[in-house]
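A structural walkthrough
Each chain is listed here by its residues.
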Amino acid sequence: MLDFSRGFYSLLRGGRLFMRYPRLLKLVLIPLLINVVVFSLAIYFGMQFFHNFVQSLLPQGDAWYWLVVYYGLWVLVGLVTLVLVFFCFAVVGNLIASPFNELLSERIESYLLPEVEAAPFSLKFFCRDMLRVWLVELKKMSFFVAAMLLLLLLNLLPVVGNLLYGGCLFC
């Protein structure tokens, strides 16, 4: 059985590693900042589009019930946006951070295991490696999406679909 406390404290051990080797922090901050910018822009433009869409749909009047519908839709969109960001961040964030994660693991190995010789940084090598890592990540994500679509289709079968879907989740 896995030791829960060991896994729980691994975040603190990782933080101490970054305090000891602060040059590694930029390899974490770069993809984090890229993700924040990408998702902030996506949310901003999505909300602008939704606002314009709702304004064109709802009649312009002073009736209180249209105001309730308007703000009810905003609450619904806020919740849907949170769910979408949660699930998309795992996919898109991993895709953006994957080349930096590989570089980060190489640097940590070179610091912790000095006998392992790290290759010097080269932009050409990084770009070539980034393309390879992105292709691997896209392949993994396509398998994930295909499996989820198959499970969705399976779930749409009446009566037996739910049983089979539940059985597939425990496989």
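This structure is a prediction, so every number in the text was calculated from the model and none was measured. (Residues numbered from 1 in each chain as written. Predicted model: local features only at pLDDT ≥ 70, side-chain atom pairs only at ≥ 80, totals over all residues. Heavy atoms only, no water.)

A look at the overall build of the protein chain
Across its full length, the protein chain carries six helices and zero strands. Going from N to C terminus, the protein chain has its helices and strands arranged as α-α-α-α-α-α. At a minimum sequence separation of 6, the contacts of the protein chain that also span at least 24 residues come to 65%. (Helix = DSSP H or I, 4+ residues; strand = E, 2+ residues; numbered from the N terminus. Contact = heavy atoms within 4.5 Å.)

Describing the environment of Val36
Tracing the sequence through the fold places Val36 in helix 3 (residues 25-57). Note: C-alpha distance between Val36 and Phe89 (53 residues apart in sequence) is 9.7 Å.

Observations regarding the nonpolar core
Nonpolar side chains tend to gather and get buried jointly when the protein is soluble and globular. Counting eight residues, the largest nonpolar core is built from Phe18, Leu24, Leu27, Phe100, Leu103, Leu104, Phe126 and Met130. When contributions to this core are tallied by element, the ones reaching two or more residues are helix 4 (64-112) and helix 5 (123-155). Here this core takes three residues from helix 4, the largest share from any one element. Non-local contacts of Phe18, meaning those with residues more than four positions away in its chain, are made with Leu24, Leu25, Val28 and Leu104. Formed by five residues, the second largest nonpolar core is a distinct cluster that contains Phe50, Val54, Tyr70 and Val77. (Core = buried A, V, L, I, M, F, W, Y, C linked by side-chain atoms within 4.5 Å. Buried < 20%, exposed > 50% of the residue type's maximum accessible area, 1.4 Å probe, protein only.)

With respect to the packing of aromatic side chains
Tallying each qualifying case throughout the model produces five aromatic pairs. Ring plane angle 85° and centroid distance 5.0 Å describe the contact between Phe50 and Trp74, whose orientation is recorded as edge-to-face. Pair noted here: Phe50 is in helix 3 and Trp74 is in helix 4, with a separation of 24 residues, a long-range link. Members of the aromatic cluster, each reached through a chain of ring pairs, are Phe50, Tyr70, Tyr71 and Trp74. (Phe/Tyr/Trp six-rings, centres within 6.5 Å; stacked < 30°, edge-to-face > 60°.)

Description of the UniProt feature "transmembrane region" (unreviewed entry) in the protein chain
Here, the residues flagged by UniProt with the feature "transmembrane region" (unreviewed entry) are residues 24-44, 64-97 and 141-165. The straight-line gap between the two end C-alpha atoms of residues 24-44 is 31 Å; of that span, 95% is helix and 0% is strand. Structurally, residues 64-97 comprises 100% helix and 0% strand, and the distance from its first C-alpha atom to its last is 47 Å. (UniProt positions renumbered as here; feature names shortened; annotations may be inferred.)

A short note on the environment of Leu154
Tracing the backbone through its elements, the reader meets Leu154 in helix 5. What makes Leu154 partly exposed here is its relative accessible area of 21%. Separated by 10 residues in the primary sequence, Leu154 and Leu164 place their C-alpha atoms 7.2 Å from one another.

Section: a positive patch on the surface
A contiguous patch of positive charge on the surface is contributed by Arg6, Arg13, Arg16 and Arg20. Relative to the assigned elements, Arg13 resides in helix 2 (residues 10-20). On the basis of relative accessibility, which here comes to 39%, the residue Arg13 falls in the partly exposed class. (Patch = residues over 30% accessible without salt bridge, like charges linked within 9 Å, V, L, I, M, F, W, Y side chains within 5 Å. Areas by Shrake-Rupley, 256 points an atom, 1.4 Å probe, with all protein chains shown as cover. Salt bridge = Lys/Arg side-chain N within 4 Å of Asp/Glu carboxyl O. Lys, Arg positive; Asp, Glu negative; His and termini not counted. Charge placed at Lys NZ, Arg CZ, Asp CG, Glu CD.)

Notes on the environment of Arg23
In this structure, Arg23 sits in the loop between helix 2 and helix 3. On the basis of relative accessible area, Arg23 is assigned to the exposed category, the value being 60%. Taking the C-alpha atoms as reference, Arg23 lies 9.5 Å from Arg107; in sequence the two are 84 residues apart.

Considerations on helix 4
Its maximal kink placed at Ser98, helix 4 deviates by approximately 50°, while the proline Pro99 follows within four residues. Along helix 4, the positions that sit buried rather than exposed are Tyr70, Val77, Thr81, Gly93, Ile96, Ala97, Ser98, Pro99, Phe100, Leu103 and Leu104. (Bend = angle between axes of the 7 residues up to and from the residue.)

Looking at the side chain of Thr81
Counting through the fold element by element, Thr81 comes out in helix 4. In this view, Thr81 contacts Ile43 and Met47; residues no more than four positions away in its chain are not counted.

As for the packing of helix 3 against helix 4
In contact at an axis separation of 9 Å, helix 3 and helix 4 are set at 155° when each is read in the N-to-C sense. Classified by the angle between their axes, helix 3 and helix 4 sit roughly antiparallel to one another. Crossing of helix 3 over helix 4 shows right-handed handedness. In the contact of helix 3 with helix 4, the residues fall into 24 nonpolar, five polar and one charged. (Axes fitted to C-alpha atoms, helices over the stretch in contact; angles between N-to-C directions. Parallel < 35°, antiparallel > 145°, perpendicular 65-115°, else oblique. Left-handed = near helix turned anticlockwise from the far one by under 90°. Nonpolar A, V, L, I, M, F, W, Y, C, P; charged D, E, K, R; others polar.)

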